[in-house]
Amino acid sequence: LMEHIRYYFLQPSIKLFFRIYVKIFGSPLLQGMMGENYLFDFFTQYLNGICDCNESLYHWFRVFQELHSHSVYHLLNKIDHPTLIISGLWDLLLPCLMSFEMARKLPNSRHCCDIYSSHATILENPEPCVYEIVSFIKSMEDRKQKIA
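In short, a report on the structure. (Residues numbered from 1 in each chain as written. Predicted model: local features only at pLDDT ≥ 70, side-chain atom pairs only at ≥ 80, totals over all residues. Heavy atoms only, no water.)

Details of the nonpolar core
Phe18, Tyr21, Val22, Leu30, Tyr38, Leu39, Phe40, Phe43, Ala120 and Leu123 form the largest nonpolar core, which has 10 residues in total. Among the elements of the structure, α1 (2–25) and α3 (38–47) are those that each provide at least two residues to this core. It is α3 that contributes the most residues to this core, 4 residues altogether. Discounting chain neighbours no more than four positions away, the residues touching Val22 are Gln31, Glu36, Tyr38 and Leu39. (Core = buried A, V, L, I, M, F, W, Y, C linked by side-chain atoms within 4.5 Å. Buried < 20%, exposed > 50% of the residue type's maximum accessible area, 1.4 Å probe, protein only. Helix = DSSP H or I, 4+ residues; strand = E, 2+ residues; numbered from the N terminus. Contact = heavy atoms within 4.5 Å.)

Structure representation (structure tokens):
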């Protein structure tokens, strides 16, 4: 019964949600290149059938519990390497507040929170995301030249 509900109700509802989401927040560039279902297709491939049955879904959530219990959050202040953190305001898997906290703990980090994206910022709003990445790399090059 659950498989029928997922297949006949949930999947079309999620696809409709992503279509509406992409129309409002999606990247016009990626819509033109990959079609209006590009975000739904990405998440379908990303999850790779995790939500297809109760057992897979259960184990997927258990992974998050295991990851939480093996956190290295307390070691972040020891990482001095330049770090760029890009988060999406609407991310349900890793809420942006966690990204803000990570950036606060990492002594040499830069954090950018995109207000128009969730977990896949590079696909949901790629233009500002790529801009931040390029700016970060250029700032590292400038920093390296000053040291040399």
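Once you've had a look at it, read on.
Looking at the pattern of salt bridges
The full count for this structure, using the stated rule, is 4 salt bridges. Among the ionic pairs, Arg19 bridges to Glu36, the shortest N-O distance being 3.2 Å. In this pair, Arg19 is assigned in helix α1 and Glu36 in the loop between α2 (28–34) and α3, connecting sequence segments 17 residues apart. A residue is classified by how much of its surface remains accessible, and Arg19, at 36% relative accessible area, is partly exposed. Residue classification places Glu36 among the partly exposed positions, given a relative accessible area of 34%. Ionic pairing is found between Lys23 and Glu36, a salt bridge with its closest N-O pair at 3.4 Å. Here the residue Lys23 occupies a position in helix α1, and Glu36 occupies one in the loop between α2 and α3, the gap between them amounting to 13 residues. For Lys23, a relative accessible area of 55% corresponds to the exposed category. Because the salt bridges share partners, they merge into one network encompassing Arg19, Lys23 and Glu36. (Salt bridge = Lys/Arg side-chain N within 4 Å of Asp/Glu carboxyl O.)

Here's the deal with the pairing of strand β1 (residues 83–88)
Every other side chain in a regular strand lies on the same face of the sheet, so the side chains alternate between the two faces. Bridge count for β1 against strand β2 (residues 109–114) is 6 bridges, and the pairing is parallel. For Ile85, the partnering residue across the bridge sits in β2 and is His111. What joins β1 to β2 is helix α5 (residues 96–105), and the crossover it makes is right-handed. (Pairing = 2+ DSSP bridges. Right-handed = clockwise from strand over helix to strand, strands pointing away.)

Considerations on the state of the cysteines
A covalent bond between the sulfur atoms of two cysteines is referred to as a disulfide. The tally for this structure, following the rule as stated, stands at 0 disulfides. Free of any disulfide, Cys113 has its nearest cysteine sulfur in Cys96, 4.2 Å distant. Assessed through its relative accessible area of 26%, Cys113 is described here as partly exposed. (Disulfide = S-S within 2.5 Å.)

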